[in-house]
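Letter by letter, the chains look like this.
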Protein chains: 2
Amino acid sequence: MIDGHGDDIYRYNDIRMNFSSNIPSFADLSALKSHLYSRLAAIASYPQASGEALEAKIAHSIGRKASEVMVTSGATEAIYLIAQALARQCAEEERTYTVFHPTFSEYDSACQMFGMRPTEQGTSCWLCNPNNPTGTIRDEAFIRQLAQRHRWLVVDQSYEDYAAAQLPDVGSLPNVICLHSMTKKYCIPGLRLGYLTAPAPVVDMVRRERRPWAVNALAIEAGLWLAKEQPRMVDMPAYLREAQRLRSLLDTIPGIHVGQTQTNFMLCTIDGHTAAELKEHLALRHGILIRDASNFPGLTPHHFRVAAQRPEENDTLVKVITDYVS
Amino acid sequence: MIDGHGDDIYRYNDIRMNFSSNIPSFADLSALKSHLYSRLAAIASYPQASGEALEAKIAHSIGRKASEVMVTSGATEAIYLIAQALARQCAEEERTYTVFHPTFSEYDSACQMFGMRPTEQGTSCWLCNPNNPTGTIRDEAFIRQLAQRHRWLVVDQSYEDYAAAQLPDVGSLPNVICLHSMTKKYCIPGLRLGYLTAPAPVVDMVRRERRPWAVNALAIEAGLWLAKEQPRMVDMPAYLREAQRLRSLLDTIPGIHVGQTQTNFMLCTIDGHTAAELKEHLALRHGILIRDASNFPGLTPHHFRVAAQRPEENDTLVKVITDYVS
């Protein structure tokens, strides 16, 4: 899906506060930027065709073998390469997949691009954990059951660093592919950097689908530095507490209902208006961007999603939505 | 093909001169680097999902409509997306393609990844013009004939800015897709930036294969600036004259034979040694990197490719190869 994602900040002139992408906009990227500045010469040479130095570094940092890690141009590239690999493994009638709506739209888009049909007992199952847009976490028993029921299970852990509870560790199951997002972990969506982990034969299967130089040299430079330094971009416990505070405040606004969340973002509904109307009002009148979530299958025109930002920004969001509905 | 390309500079410790990638390593990137430094904040936001602002800017700069331009993460991504799109348009028995060896390996790799078989009269034909690794240019009559004989013709003009002769303008033919490389034009292989041009319905067909955020935000920032400023990275007439001077000098070395070239790189053979032996000798003894071209289908273990660099570097190359063969 090309259109309809969050963080469409370029569509508006004066966005001052961005609640639309699931990333804290106040992350301190100054050290990373300094490093990238010192490495700008990397633009003049080809990156490694497959990013193997970065794969080795990431593997070391997470205690896995390099053969169990594949670097991608964001988790989104991983989703498409996995769909391409799984479709190739399947006879026509086996080209089926399962997702649990509402969830990230790219699993549907990628699977359908490679000829797979959605069913309840698909050959592959795709799970986002914590889930976008609901912010909920599935437990280990549920995930192990999925791994038993489906030939392959893809667990997108893009939001793992924002999980308010321990995530089940299912990465060693032989048919599970886990997606990881350095974009999300380090608040760098512009750089496009992610990786997948799986048993080596599964990683090999996905590697056969990739093209050379898919990851930009500056993304690789950033990744090498981040995997080594592992900087803390935000104070996570404080940020997750702030997300719960925002949830409580929004949920007390008449006509606004907010689901439980175990991460930094939350799914809301608004009575009497559409999310699209609310979004336009907030963007044009207040320079505030939210995610109209009505295009997630299974949701309604009244659904929107916000990610917590700074306390004072969150207070402003609560105030302007309160004014809007009253 | 992941392994076996040129510019594998990361495999060696002390490369001082790089003749292995078809790009002048002395290009002046300082203004672009300054601009990127000023735009490093772009890493903190998602790029446009499809890079439409950059497509509009490029279209304007080349006098085409935005609907006729598609930005990609390097010309290599374009090759794979086109192969994916063409395979989808074809019944099983039509999934055939034609290439003229020796040429860039990725046409074979991409077509075969999507189930196409090489034949002499393929549904699609893929031409590199000027051709890598030979440096030769095909004329308009030849290309028009190809466009008539094949349902689709892909003309990879990645080296168009290094062409010593006028390239035929075949971009308006209804079944021709032209590839363009900002990587090559602006000497920025690390950034991964290219685009294709074709009639709007053909561009639409390829656009349906792409995933969101494929082009990194810094590549987009660079592209917007480059399309606007159109800086001259090298003195092209002088550089192409220097390439001819290098060709003449290399060709006079006993046992070295150099093909005619109409661009900045050239295909050579060495008698009595393999290209792999020459490459290892030059890299380990002299810190000089060349492209062992023996893995191009149709070539031999004796083929290597060099791109001209600075005059004094070219003189050094000639001297060390002369010493090696004598």
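Residues numbered from 1 in each chain as written. Chains lettered and ligands numbered in written order. Predicted model: local features only at pLDDT ≥ 70, side-chain atom pairs only at ≥ 80, totals over all residues.

(A) The overall build of chain A, seen in detail. Scanning chain A from N- to C-terminus turns up eleven helices and 13 strands. Taking 20 Å as the expected radius of gyration for a compact globule of 326 residues, we find that chain A reaches 20 Å, a close match to that expectation. Dimensions of chain A along its principal axes, counting C-alpha atoms only, are 55 × 50 × 35 Å. Looking at chain A as a whole, 53% of its 326 residues qualify as buried. By sequence separation, contacts in chain A at least 24 residues apart represent 69% of the contacts at least 6 residues apart. (Helix = DSSP H or I, 4+ residues; strand = E, 2+ residues; numbered from the N terminus. Rg over C-alpha atoms; globule rule 2.2 N^0.38 Å. Buried ≥ 20, exposed ≤ 12 C-beta atoms within 10 Å, placed from the backbone. Contact = placed C-beta atoms within 7 Å.)

(B) Fine view of the sheet that holds strand 6 (residues 152-156) of chain A. All names here are of chain A. Read from one edge of the open sheet, seven strands run 2-8-7-6-5-3-4, paired in mixed fashion. Edge positions in the sheet fall to strand 2 (69-72) and strand 4 (117-118), since each of these pairs with one other strand and no more. Sheet analysis places strand 3 (residues 96-99) next to strand 4, joined by two bridges and oriented parallel. Bridge pairing in strand 4 links Y97 to P118. (Pairing = 2+ DSSP bridges.)

(C) How the structure looks around unusual backbone geometry. The amide bond that connects N132 of chain A to the next residue, P133 of chain A, takes the cis arrangement and shows omega of 15°. With omega at -5°, the peptide bond leading from H101 of chain B into P102 of chain B counts as cis. The phi dihedral of C187 of chain B falls on the positive side, at around 60°, and the residue is not glycine. Along the chain, C187 of chain B falls in the loop between helix 6 (182-185) and strand 8 (194-197). Given 23 C-beta atoms within 10 Å, C187 of chain B falls into the buried group. Not every positive phi belongs to a glycine, and R192 of chain B is a case in point at roughly 60°.

(D) Up close: the interface of chain A and chain B. In this complex, chain A contributes 41 residues to the contact, which on the side of chain B involves 42 residues. Considering each element in turn, the side of chain A that touches chain B owes the most residues, four residues, to helix 3 (residues 74-89) of chain A. Classifying every residue of the side of chain A that touches chain B by side-chain character gives 25 nonpolar, ten polar and six charged. (Nonpolar A, V, L, I, M, F, W, Y, C, P; charged D, E, K, R; others polar.)

(E) Examining the environment of A42 of chain A more closely. In this fold, A42 of chain A is placed in the loop between helix 1 (30-38) and helix 2 (52-62). Take A42 of chain A: there are 21 C-beta atoms within 10 Å of it, and that puts it in the buried class. Residues A42 of chain A and H281 of chain A lie 239 residues apart in sequence; the distance between their C-alpha atoms is 43 Å. Ignoring anything within four residues of it in the chain, the contact list for A42 of chain A reads A217, L218 and E221 of chain A together with G190 of chain B.

(F) View of the relation of the copies chain A and chain B. In screw terms, the move from chain A to chain B is a rotation of 180° and a rise of 0.0 Å along the axis, fitting with an RMSD of 0.0 Å. In symmetry terms, the pair is related by a two-fold rotation axis. Considering only C-alpha atoms, the part of chain A nearest the rotation axis is Y37 of chain A, at 3.1 Å. When the interface residues of chain A are mapped onto chain B, 100% of them again lie at the interface, so the same face is used by both copies. (Least-squares fit on C-alpha atoms with pLDDT ≥ 70 in both.)

(G) Geometry of the pairing of strand 3 of chain A. Residues and elements named next belong to chain A. Each parallel crossover has a hand, and for strand 3 linked through helix 4 (residues 106-113) to strand 4 it is right-handed. Summarising the sheet, strand 3 and strand 5 (residues 124-128) pair through three bridges and their orientation is parallel. Looking across to strand 5, one finds that Y97 is bridged to S124. (Right-handed = clockwise from strand over helix to strand, strands pointing away.)

(H) Geometry of the packing of helix 1 (residues 30-38) of chain B against helix 8 (residues 217-229) of chain B. Residue and element names in this part refer to chain B. Between helix 1 and helix 8, whose axes approach to 10 Å, the crossing angle comes to 125°. In terms of orientation, helix 1 lies oblique with respect to helix 8. The interaxial crossing formed by helix 1 with helix 8 has right-handed handedness. In this structure, helix 1 contributes L32, H35 and L36 to the contact, and helix 8 contributes L218, E221, A222, W225 and L226. Of the residues contributing to the contact of helix 1 with helix 8, the split by class is six nonpolar, one polar and one charged. (Axes fitted to C-alpha atoms, helices over the stretch in contact; angles between N-to-C directions. Parallel < 35°, antiparallel > 145°, perpendicular 65-115°, else oblique. Left-handed = near helix turned anticlockwise from the far one by under 90°.)

(I) Structural view of the sheet that holds strand 10 (residues 265-270) of chain A. Residue and element names in this part refer to chain A. Taking strand neighbours across the sheet as the criterion, the four strands line up as 9-10-13-12 in an open arrangement whose pairing is antiparallel. Edge positions in the sheet fall to strand 9 (256-258) and strand 12 (291-292), since each has one partner strand and no second. In the sheet, strand 9 pairs with strand 10 via three bridges, with the strands oriented antiparallel. The residue bridging I256 from the neighbouring strand is I270, located in strand 10. On top of the sheet, helix 10 (residues 275-286) reaches strand 10, strand 12 and strand 13 (303-307); it is set at about 45° to strand 13, its chief contact.

(J) Focus on the domain arrangement of chain A. All names here are of chain A. Domain annotation of chain A identifies domain 1 (9-26 + 234-325) and domain 2 (30-229). On the side of domain 2, 18 residues touch domain 1, which itself brings 20 residues to the contact. Of the residues that constitute the side of domain 1 that touches domain 2, the class distribution is ten nonpolar, nine polar and one charged. (Domains from an automatic or database assignment.)

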